[in-house]
Amino acid sequence: MTDRTTLFLEKHGLSLVDHSVKRRVVSTRAAIPAGTEVFRSPALATVTLDHACHYCLLRADDAGHPLTRCAACKRATYCGKACQLADWKGGHSHLCRVWKTRGNSTGGEWEKDEEMLIKVLSALSKEDDSMMRINADTFLTLQGCSEDLVGLSAAENWDRVVERVKQLKLPMHVNVTTEALTSYLARFRNNNFSVHDADLFVVGEGTFPLGALLNHSCHPNCSVLYEGRVQIVRTIRDVDAGEELLGTYVDGMASRAERQQLLWEKYQFECTCERCGGSDERQNREYGGFQLVDRWLTPASGSNALTPNEAADANRWLKPQCKPVRLLLETLYPVVCDPAKGGRQAGHGDLQEFITSILGGLPPPTSPESEYRMAHDSLLRYLLTVPTPTSLAYPLPSRPMFSHFSAALHRHLDTPTPSQAWLSLYALCVYLVSYERFHPMVGIQYVLTAKLCWNALLDSDRLTDEALKALKRLINNADTVVTKSHGTLGCFRDDLDELGKLVDAEVLKLHR
C-alpha cells in the first residue's frame, strides 16, 4: 500500500494489515462506538443515472429547478455552472465529443463503463489534488477479477470499451495500453459502489478506492452513505480495538444462497462470516442472533413471490388485522414505554401479536451493545418457534410475505391510510430483526413509521394519553437510530423534531 494511503488511514485511527486469505484488512487502533463517522472520501469518478446532475449526482426532483444540458453533446445534465465546469475537467471534455458524434444513439449498458473508464483515466492523470492522489494511489492497488472480465468480454463485448477508449487517443499522462485499460476496467467493475441519496434511492455509481479497502461481511459493522460525490463510512455497531472494519457487498435481506451466488459471480469468493458459517453457540450469542436470521426469513419451501391466489389470501387475512391505529398504539404503550410490563406476546396469530412480540423482545436503541445482542439472539430463538397463521401460505417475516406487504405499503404513500401504519410497523419489525439495529434501512423505516402512525392517529375517533406517549417513544427511538445511522445527513431529525412537538402539543391539550 502507498505511503499516502497509509498516512490517510493512520490519521483516522486505522491500520491496513496484510492477510493470508483476504489479502489485506482495515482494522481499528482504538474502540469505535456505533454511529461514528470513520472517514469520508470523494469519488475518483462517478457516472449518473438519468435525471440527475452528471457531477454532484443531485436528482432533478431535489434541485428545485430544471437541470441544464451540455450545449454540445445535449446529453450531460447539470444543476449549475460549477458542476458543469468540474465535470468538464473530470473527463466530460473527452466524452462530450464522443457523445456529440453518436447523437441520440447509445452504446447500451457498456457505455456506462466507457464513461467510468474515461473519468478514471482523467482522475489518474491529475497531480494537483492531494486527496485525488490518495484516491488514485489506492485505486491502483485494488484487485480486479480478470476471469470475470474475460467471461463478460466474450458474452457482452466488454473488449469494445477498451478499444473505443484507446481510439480516442486521450492526452493523458497515464498508461493506456490494452493491458492497462483492461486492468482499470476490472478494478472498478469489482470495486464500484451504487451511490444513493439519504433516502437510499440509487442515483449513480462511483469509484471510491478508500471505501473499497473494506472487506465484506453479511453481518457488517459499517455502512456507507453519500453526500453528493463524497462517500461516508459510519459504524453501525460498536467496534472493538483491533477489530476489522467490514462493509457489505450484498443486501442482508437476501437469502444465504442468493448472497453466496452474488458474491461468487462478481467477486469470486465464498463468504464465511459469522452469519454464513459460524457454528459456535457462544459466538452466535455474542454476535446476536444473526446466524438465525436466514432461517427466519427463508421459507422451508416455495418461491420468493406469492402466487395470485396466495396474495389474495394474504390480503383477506390483512384486512381485519388493521384496526384503528389508536388501539394498536395503546397496546404498544406498555411494550415501548415500560418493557418490564409489556412482555412478549404468546404467538403470531395476528399482526398485532407479531409487532408487539418484536418491539417487546428487543431493548430500546439506547441500551448497551452487549444487552442488545443477547436480547436479539433470545428473540430470534423464540420467533423460530412461532407457528405460521393457518390462512397464510408462508410465515409473516418470510421473503414472499414481506415482498407482498412491503409493496402494499409503498403503493399509496402519497395518500396514506391507517393500514399503511400497520404495514410500516410490520416492515420496521422485520428490519429490526434482519438488519443491525443502526443500519440506514432501520433508521429510514423508523422515521416513516412515526410519520404514518401520526397521520393515522389524527384520523382516529379520539386521542388518548397512552397512544400519544407510545407514539412519542417511537419518535424518540427513531431519533436515536437515525442519529446513529445517518448523522446529519438528510432532514430526518428535523422532521422528527417537528413531529415530536406536534405530539407534545396534543398531550398538553389532554391534560388541560
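Above this note sits the structure.
Residues numbered from 1 in each chain as written. Predicted model: local features only at pLDDT ≥ 70, side-chain atom pairs only at ≥ 80, totals over all residues. Heavy atoms only, no water.

Caption draft 1: Looking closely at the overall build of the chain. When its secondary structure is counted, the chain shows 22 helices and twelve strands. Taking 2.2 N^0.38 as the reference for a compact globule, 512 residues should give roughly 24 Å; the C-alpha atoms of the chain span a radius of gyration of 25 Å, in line with that estimate. Across its three principal axes, the chain shows a C-alpha extent of roughly 75 × 55 × 50 Å. Expressed as a percentage of the 512 residues in the chain, the buried residues total 54%. A total of about 23000 Å² of accessible surface is found on the chain, and carbon and sulfur atoms cover 51% of it. (Helix = DSSP H or I, 4+ residues; strand = E, 2+ residues; numbered from the N terminus. Rg over C-alpha atoms; globule rule 2.2 N^0.38 Å. Buried < 20%, exposed > 50% of the residue type's maximum accessible area, 1.4 Å probe, protein only. Areas by Shrake-Rupley, 256 points an atom, 1.4 Å probe, with all protein chains shown as cover.)

Caption draft 2: Just the sheet that holds strand β7 (residues 193-196), in detail. Strand order in the open sheet formed by three strands is β4-β8-β7, with antiparallel pairing between adjacent strands. Of all strands in the sheet, those bounded by a partner on one side alone are β4 (45-48) and β7. Taken over all neighbouring pairs, the strand axes of this sheet differ in orientation by 35° on average, direction set aside. Here four bridges tie β7 to strand β8 (residues 202-207), and the two strands are oriented antiparallel to one another. Residue pairing for β8: H196 is matched across the bridge by V202. (Pairing = 2+ DSSP bridges. Axes fitted to C-alpha atoms, helices over the stretch in contact; angles between N-to-C directions.)

Caption draft 3: Structural detail: the nonpolar core. Within the largest apolar cluster, 79 residues are counted, with the highest numbers of intra-cluster contacts made by F354 and I355. In terms of nonpolar packing, the next biggest core, distinct from the first, is built from 66 residues, V26, C73, L95 and L142 among them. (Core = buried A, V, L, I, M, F, W, Y, C linked by side-chain atoms within 4.5 Å.)

Caption draft 4: Examining unusual backbone geometry more closely. Positive phi, normally seen in glycine, also occurs at R23, with a value near 80°. Mapped onto the elements of the fold, R23 is located in strand β2 (residues 23-28).

Caption draft 5: Layout of the sheet that holds strand β3 (residues 37-42). Spatially, three strands are ordered β3-β11-β10 in an open sheet, and the strand pairing comes out antiparallel. Strands at the two margins of the open sheet, each flanked by one partner only, are β3 and β10 (222-227). Going across the sheet, the axis of each strand differs from the next one's by a mean of 20°, ignoring polarity. As defined by bridge partners, β3 adjoins strand β11 (residues 230-235) across five bridges and the pair is classed as antiparallel. Note that in β11 the partner of R40 across the bridge is I232.

Caption draft 6: Geometry of the pattern of salt bridges. According to the stated counting rule, one finds 26 salt bridges in the structure shown. A salt bridge links E115 to K119; its shortest N-O distance comes to 3.1 Å. Within this pair, E115 and its partner K119 are both found in helix α4 (residues 110-124), separated by four residues, close to a single helical turn. You can call E115 buried: its relative accessible area is 2%. Among the residues examined, K119 registers a relative accessible area of 4% and is labelled buried. Note that D497 is salt-bridged to K501, the shortest N-O span being 3.4 Å. Placement of both D497 and K501 in helix α22 (residues 492-510) is noted, with a separation of four residues, approximately one turn of the helix. Here the salt bridges do not stand alone but share partners, grouping R4, R133 and D137 into one network. (Salt bridge = Lys/Arg side-chain N within 4 Å of Asp/Glu carboxyl O.)

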